[in-house]
Amino acid sequence: MSKEVRVRFAPSPTGPLHIGGVRTALYNYLFARKMGGKFLLRIEDTDQNRFVPGAEDYIKESLEWLGISPDESPWKPGDSAPYRQSERKTSYMQYALDLVEAGHAYYAFDTPGELEDMRERLTAARVVQPQYNSITRTQMKNSLTLPEDEVKARLASGEPYVIRVKIPRKEEVRLNDMIRGWVMVHSSTLDDKVLMKSDGMPTYHLANIVDDHLMNITHVIRGEEWLPSAPLHVLLYKFFGWTDTMPEFAHLPLLLKPDGNGKLSKRDGDKLGFPVFPLNWENKETGEKAAGFREQGYFSDAFLNFLAFLGWNPGGEREIFSLEELVDAFSVERIGKAGTKFDIAKAKWFNEQYLREKSNAELATYVVVDATAENITILPETAEAIASLMKGRVTFPSEIWQGCKFVVIAPAEFDQDIASKKWNTDAVSLLTAYAEDLEAFNGTIFDADTAKSMLGQAAEAKEIKLGKVMQAVRLAVTGVGAGPDLMEIFAILGTEEVAKRIRFALATLEVIG
RNA sequence: GGUCGGUUCGUCUAGGGGUUAGGACGUAUCCCUUUCACGGAUAAAACACGGGUUCGAUUCCCGUACCGACUACCA
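What this report covers is the structure whose coordinates are included nearby. Quick caveat, the model's predicted, so the values are computed rather than measured.

Quick notes on the rules
- Residues numbered from 1 in each chain as written.
- Chains lettered and ligands numbered in written order.
- Predicted model: local features only at pLDDT ≥ 70, side-chain atom pairs only at ≥ 80, totals over all residues.
- Heavy atoms only, no water.
- Helix = DSSP H or I, 4+ residues; strand = E, 2+ residues; numbered from the N terminus.
- Rg over C-alpha atoms; globule rule 2.2 N^0.38 Å.
- Buried < 20%, exposed > 50% of the residue type's maximum accessible area, 1.4 Å probe, protein only.
- Contact = heavy atoms within 4.5 Å.
- Areas by Shrake-Rupley, 256 points an atom, 1.4 Å probe, with all protein chains shown as cover.
- Lys, Arg positive; Asp, Glu negative; His and termini not counted.
- Charge placed at Lys NZ, Arg CZ, Asp CG, Glu CD.
- Near = heavy atom within 4 Å.
- Polar contact = N/O pair within 3.5 Å; in protein donor to acceptor, adjacent residues only side chain to side chain.
- Pairing = 2+ DSSP bridges.
- Axes fitted to C-alpha atoms, helices over the stretch in contact; angles between N-to-C directions.
- Salt bridge = Lys/Arg side-chain N within 4 Å of Asp/Glu carboxyl O.

### Considerations on the overall build of chain A
A count of helical and extended segments in chain A gives 21 helices and 13 strands. Compactness check: chain A gives a C-alpha radius of gyration of 33 Å against a globular reference of 24 Å for 513 residues, more than 25% above the reference. Seen through its principal axes, chain A has C-alpha atoms that stretch 110 × 55 × 35 Å. Looking at the 513 residues of chain A, the share that counts as buried comes to 49%. Of the contacts made within chain A by residues no fewer than 6 positions apart, 72% connect residues no fewer than 24 positions apart. With the model as given, the accessible surface of chain A reaches about 24,400 Å², and the carbon-plus-sulfur share is 50%. When the 60 basic and 74 acidic side-chain charges of chain A are each reduced to a single mean position, those positions are 6 Å apart.

This is the structure:
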């Protein structure tokens, strides 16, 4: 009988949640749902110096936007509360002391300056790996080298100290990563990492093991940057005697820069003009700003779909998956090993696919909002008609209004380039006739077909080939040379408005050549 | 430098001892068309290199190269 799957996403609140972190959260969510388990969120705020106000809310809002909210979190506590490491502070020291007691950790009193001296000394002596380890610790100030009474005295006097793990001199440490298979590391290459800092807070290494154990975490799905410290974590589970309940590990491939090499960073997004964060972010204190996918016009479901395929794929040829379908198709085995370059063009493509599936009514709400922002009133029916016309042609909802606002705002000026090429005597002659026909129109229904047949008849009467003057007709009514089906636009505008606009164009534009 | 990880079209990837190495994005061309798009069709485009193992390796093994992560009292 296997126990319930419990996974956690454990970001630290040091700024806006990076897209790589969002993907990690997503994979954790998908795995938990797939396995019928629980997805928890734990805030790793053991570094008081790096705390950024608002970062936690940002994490919460990001996950909510994507619809992958945790089952348990600081704002939705379950049995494993609390969910902030700063609130779990009291328990860590005892675990560290247990390790000291068992001989797997020790007190160290070295000052930052002394540590620096040690590294310099080692570097000067051409030691390949200047680190605090089984060799060098014998020359440092710690409870392994100092007499017992002196250690007690230093502790009693309140002298600052840290607790370091005592890495065994020679031992093969191995772990079976779900994505990478067996990884083996020799303990001699590991260093005596600090477990408890001098400010009384634990480091990530200690806190994450203690919390994962206490919270009954069964699988640790995290970024590849953690792989090098995974052997240390395995060792800690062993020292605590928790090997039999140690979670399984899965180290996710990194998200890389689109050009060149290296981890995707905020700078890359700024440079290439795309976001690397889910939501807009602003740090009021520092003035730091970052653009978000949501505000750029990406739909949460499209963004989620895109993200899911960055480093994973279900094996078939289908690419459009809803969240539920992703859950159904997900498996850790199908996560790739190699880093993934970030391709914003693909993200846009996903957004287009999703946009086309949205109802006109839904898209119309964007049009109304955008128009209102410009102090322009638009009828809901008009907004919907515009949405219908534009949905197949745009990537973002904001482009619907931007690309079709001439429906509501009659052109005051005209694209000079098109005018100089297409505004000829034939066009003037046809448009004059068409305007007259429109003004005389007394039918009840003026739809696209009617608009078109009337235009066709006018052209026939003047013996003008329609194809030659359509650009001019478009220019007269919309002011520009490109856009969705003109006759559909006419139908929205109505005979009166179309005639009025044609009259204005006729009066404004001069025939060239 | 050391440790660990990685390497299939430009990008994301499928595949896996014998395949015309498949798809998608992007790119190009053509078709459709009242423009621009959409859509449809077509095209160019990949197994990093060298050794093994094998009748046969892109696939398995070992090296090399290259790329990356880590190397803090940060996570």
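### Looking at the protein's contact with RNA strand B
The immediate surroundings of RNA strand B are formed by 60 residues, with Gln 129, Lys 197, Glu 319, Arg 393 and Asp 485 found nearest. Counting only atoms of RNA strand B within 4 Å of the protein, the fraction found in sugar and phosphate groups is 74%. In this structure, a sugar or linking oxygen belonging to RNA strand B sits 3.1 Å away from a side-chain N or O atom of Glu 44. A distance of 2.6 Å separates a sugar or linking oxygen of RNA strand B from a polar side-chain atom of Asn 313.

### A short note on the environment of Leu 41
Its location among the elements puts Leu 41 in strand S2 (residues 38–41). Sequence separation between Leu 41 and Ala 10 is 31 residues, and the spatial gap between their C-alpha atoms is 5.9 Å. Residue contacts for Leu 41: discarding those within four places in its chain leaves Phe 9, Pro 11, Ile 59, Leu 63, Pro 70, Glu 72, Ser 73, Pro 74, Trp 75 and Tyr 83.

### Here we look at the pairing of strand S6 (residues 181–186)
Relative to S6, strand S5 (residues 172–177) is paired through six bridges, and the arrangement is antiparallel. Bridge pairing links Val 173 to Val 185 in S6. Taking the residues that link successive antiparallel strands as the turn, the S5-S6 hairpin has three residues.

### Description of the environment of Ala 458
As for its position among the elements, Ala 458 is in helix H18 (residues 448–462). Distance from Ala 458 to Val 22, taken between C-alpha atoms, is 59 Å for residues 436 residues apart in sequence.

### Notes on the sheet that holds strand S7 (residues 194–196)
Spatially, S3-S4-S7 is the arrangement adopted by the three strands of the open sheet, whose pairing is antiparallel. Only two strands of the sheet have a single neighbouring strand rather than two, namely strand S3 (105–108) and S7. Shown here is a sheet whose adjacent strand axes are inclined to one another by a mean of 45 degrees, direction ignored. Pairing between S3 and strand S4 (residues 162–165): four bridges, direction antiparallel. Looking across to S4, one finds that Tyr 107 is bridged to Ile 163. Contacts between helix H3 (residues 89–101) and the sheet are confined to S3, S4 and S7, with S3 contributing the most and set at about 105 degrees to the helix.

### A look at the pattern of salt bridges
Under the definition given, this model contains 35 salt bridges. In this structure, the salt-bridge partner of Lys 257 is Asp 268, at a minimum N-O distance of 3.1 Å. Placement of the pair is Lys 257 in the loop between strand S10 (255–256) and helix H8 (266–272) and Asp 268 in helix H8, with a sequence separation of 11 residues. You can call Asp 268 buried: its relative accessible area is 3%. Among the charged side chains, a network of salt bridges with common partners joins Arg 8, Arg 42, Glu 44, Arg 88, Asp 211 and Asp 212.

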